[in-house]
Amino acid sequence: MFRNLLPSLLLLAAASVLNAADPVRILTVAGGSGVLNEALAEFEKQHGKGLITLDNVPEGPSDEQVRQAEVLFFFHPDERLMIALTPRAQAAQRRGAYYVVVPQYFLPRQWGFAQDKTRADLAERYWSFGGVENLTSLLGYLYQQGGGTKKFAIPPPAPVAQSGIYHPKASRNFSNLADFLAWYEQSKVNAQWKTGAPLVALTIYNTNLKQRDLAHIDALLAELESKGIGAYAAYGWPFNTLDPYLPLAGKSPLRLILAFNLGIGKPEDSKWLESHGVHILNMQVSSQSYKEWSEGLRGLMPNNVPSQIATPERASTAEPILVATTETRADVTTFTQPVAERIQMAV
């Protein structure tokens, strides 16, 4: 009922820890289940297993989950969900739970109590900066706030680049195309590719990296490389700000751009594309599951047409190609799944 449209997260940190013991029960109402799971694995690698239990329920927790949790965490929660949670939230507050809702104005007045601004600000920075490193630190912070007994230092929130170059086989991201190409040729991750050979860039949102929603990106890069084509992903938005990652010495070496991030366009995007003269294809991700999409007669849902077709076309893209669908896990979080035959067709 309460489908999350944005990554959403409310943090409820237990104020009273007199009866707390490991494992600390952490309940998140948030998107980004993939990166949360990676962060949990990294937390356990650093600090050991059995310290926390983590449940992510983006559509809202059950009464039992609220009663059991020492820590609950919501970010940009649905207003209807927050109002529906009022009696359970008040009951948890009476038993000593401490609430931090981020952003803070999402704390409903119906709940009847305030929150600690410092804790809310810190939690929001961890989540907003994103990535496995910050969310691992966030889990450590929640563990200690929930009364965890093991002591360890927690790094402060670490800002991460909002744009750059990503490749799944690289141990780091790159801040310019020259550095990436030097690594790409030296590393031999694509042994068939040499400088001067065809090169293709995918353009994606940075949220793909923050939430580790990269399966379709990785699949498309792998398919391109299997044909001897050089390939990488430039992440960031707006599109026209990707200039450090697409031209080289003022001239584009690219044969083609496969764009996932033109759904929210700006006039400057079209000007950039015209000035560089690179052919660009519009890559699409359906909000439907593969079953819904493959068995349906509509193709894209009507509410996807403006962002998936109309806006990219105004930026002079061509040949819209759907390459992935949106699937739902058992915990009702969603993830993007590549459609193999469509990936092959795009290449």
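Above this text is the structure in question.
Just so we're clear, the structure is a prediction, and the values are computed from it rather than from any experiment.

A.B. asks: Would you take a moment to explain the overall build of the protein for this structure?
C.D. replies: Helix and strand counts for the protein come out as 13 helices and 12 strands. Burial status across the protein gives 50% buried among its 347 residues. Put simply, of all contacts in the protein between residues at least 6 apart along the chain, 71% involve residues at least 24 apart. Working note: accessible area of the protein is about 16200 Å², and carbon and sulfur atoms make up 53% of it.

A.B. asks: Could you clarify how one ought to interpret the nonpolar core in this entry?
C.D. replies: Nonpolar side chains in soluble globular proteins tend to be buried together. Membership of the largest hydrophobic core comes to 28 residues, with the highest contact counts inside it found for I26, I52, W127, L138 and L139. Contributions of two or more residues to this core are made by β2 (24-29), α1 (33-47), β3 (52-56), β4 (71-74), α5 (117-129) and α6 (131-145). Sort the elements by how many residues they give to this core and α6 lands first, with six residues. Among residues more than four places away in sequence, those in contact with I26 are I52, T53, L54, D55, V71, L139, L142 and Y143.

A.B. asks: It is not clear to me how the side chain of S137 should be interpreted in this structure. Could you clarify?
C.D. replies: Assignment of secondary structure puts S137 in helix α6. S137 sits in the buried class, given a relative accessible area of 8%. The contacts of S137, once residues within four sequence positions are left out, are Y126, I154 and P155.

A.B. asks: What is the right way to look at the layout of surface pockets in this model?
C.D. replies: Any empty space left between atoms is shown by rolling a water-sized probe over those atoms. Of the voids in this model, the second largest pocket is the one considered here, and its volume is about 410 Å³. Lining the second largest pocket are 20 residues, with G131, V132, N173, L209 and R212 sitting closest to its centre. Elements that contribute at least two residues to the lining of the second largest pocket include exactly α6 and α8 (206-210). Split into classes, the residues belonging to the lining of the second largest pocket amount to nine nonpolar, six polar and five charged.

A.B. asks: Quick question: what am I supposed to make of the packing of aromatic side chains here?
C.D. replies: A ring pair, where both rings are aromatic, is described by two values, the distance of the centres and the angle of the planes. Enumeration according to the criterion identifies 15 aromatic pairs in this entry. Aromatic side chains W111 and F113 sit 6.0 Å apart centroid to centroid with 40 degrees between the ring planes, which places their arrangement in the tilted category. Here Y126 and Y141 contribute two aromatic rings whose centre-to-centre distance is 6.3 Å and whose plane-to-plane angle is 40 degrees, an arrangement assigned as tilted. Taken together, the residues Y126 in helix α5 and Y141 in helix α6 connect sequence positions 15 residues apart. Like Y141, Y126 is buried.

A.B. asks: I would appreciate a short explanation of helix α9 (residues 215-226) in the present structure.
C.D. replies: In an α-helix, one turn spans 3.6 residues, which is why side chains three or four residues apart end up on the same side. Under the 1.5 Å per step criterion, the end-to-end length of α9 is 16 Å for 12 residues, consistent within 8% with the ideal 16 Å. Positive backbone phi, at 80 degrees, marks G228, one or two positions downstream of α9.

A.B. asks: Looking at this structure, I do not really get unusual backbone geometry. What am I missing?
C.D. replies: W237 connects to P238 through a cis peptide bond whose omega is 0 degrees. Mapped onto the elements of the fold, P238 is located in the loop between β8 (230-235) and β9 (256-259). The phi angle at H76 is positive, at roughly 50 degrees, despite the residue not being glycine. Relative to the assigned elements, H76 resides in the loop between β4 and α3 (79-84). For H76, a relative accessible area of 26% translates into the label partly exposed.

A.B. asks: Is there a simple way to think about α5 in this case?
C.D. replies: Under the 1.5 Å per step criterion, the end-to-end length of α5 is 18 Å for 13 residues, consistent within 8% with the ideal 18 Å. Three or more residues of α5 are buried, namely A120, L122, A123, Y126 and W127. In a view along the axis of α5, the buried residues occupy a sector of 165 degrees, so they form one face of it. Away from the buried face of α5 by more than 90 degrees, exposed residues K117 and T118 are located. The residue sitting at the N-terminus of α5 and contributing the capping side-chain oxygen is D116; that oxygen lies 2.9 Å from the backbone nitrogen of T118. Positive phi appears at G130, one or two residues downstream of α5, with a value of about 75 degrees.

A.B. asks: Help me understand the pattern of salt bridges in this model?
C.D. replies: By the definition in use, this model includes nine salt bridges. Where R67 meets E64, a salt bridge forms, and the shortest distance between an N and an O atom there is 2.7 Å. Within this pair, R67 and its partner E64 are both found in helix α2 (residues 63-68), separated by three residues, close to a single helical turn. The exposed category is assigned to R67, whose relative accessible area is 55%. The class for E64 is partly exposed, based on a relative accessible area of 38%. For the salt bridge of D121 with K117, the shortest nitrogen-to-oxygen distance reads 2.8 Å. Here the residue D121 and the residue K117 both occupy positions in helix α5, the gap between them amounting to four residues, near one helical turn.

Cut-offs applied
- Residues numbered from 1 in each chain as written.
- Predicted model: local features only at pLDDT ≥ 70, side-chain atom pairs only at ≥ 80, totals over all residues.
- Heavy atoms only, no water.
- Helix = DSSP H or I, 4+ residues; strand = E, 2+ residues; numbered from the N terminus.
- Buried < 20%, exposed > 50% of the residue type's maximum accessible area, 1.4 Å probe, protein only.
- Contact = heavy atoms within 4.5 Å.
- Areas by Shrake-Rupley, 256 points an atom, 1.4 Å probe, with all protein chains shown as cover.
- Core = buried A, V, L, I, M, F, W, Y, C linked by side-chain atoms within 4.5 Å.
- 1 Å grid on protein atoms, 1.4 Å probe; cavity = no way out; pocket = protein on both sides within 12 Å on 5 of 7 lines; lining within 4 Å.
- Points joined across faces, edges and corners; volume = space filled by probe spheres on them.
- Nonpolar A, V, L, I, M, F, W, Y, C, P; charged D, E, K, R; others polar.
- Phe/Tyr/Trp six-rings, centres within 6.5 Å; stacked < 30°, edge-to-face > 60°.
- Expected span 1.5 Å × (residues − 1).
- Arc of directions from axis to C-beta.
- Polar contact = N/O pair within 3.5 Å; in protein donor to acceptor, adjacent residues only side chain to side chain.
- Salt bridge = Lys/Arg side-chain N within 4 Å of Asp/Glu carboxyl O.

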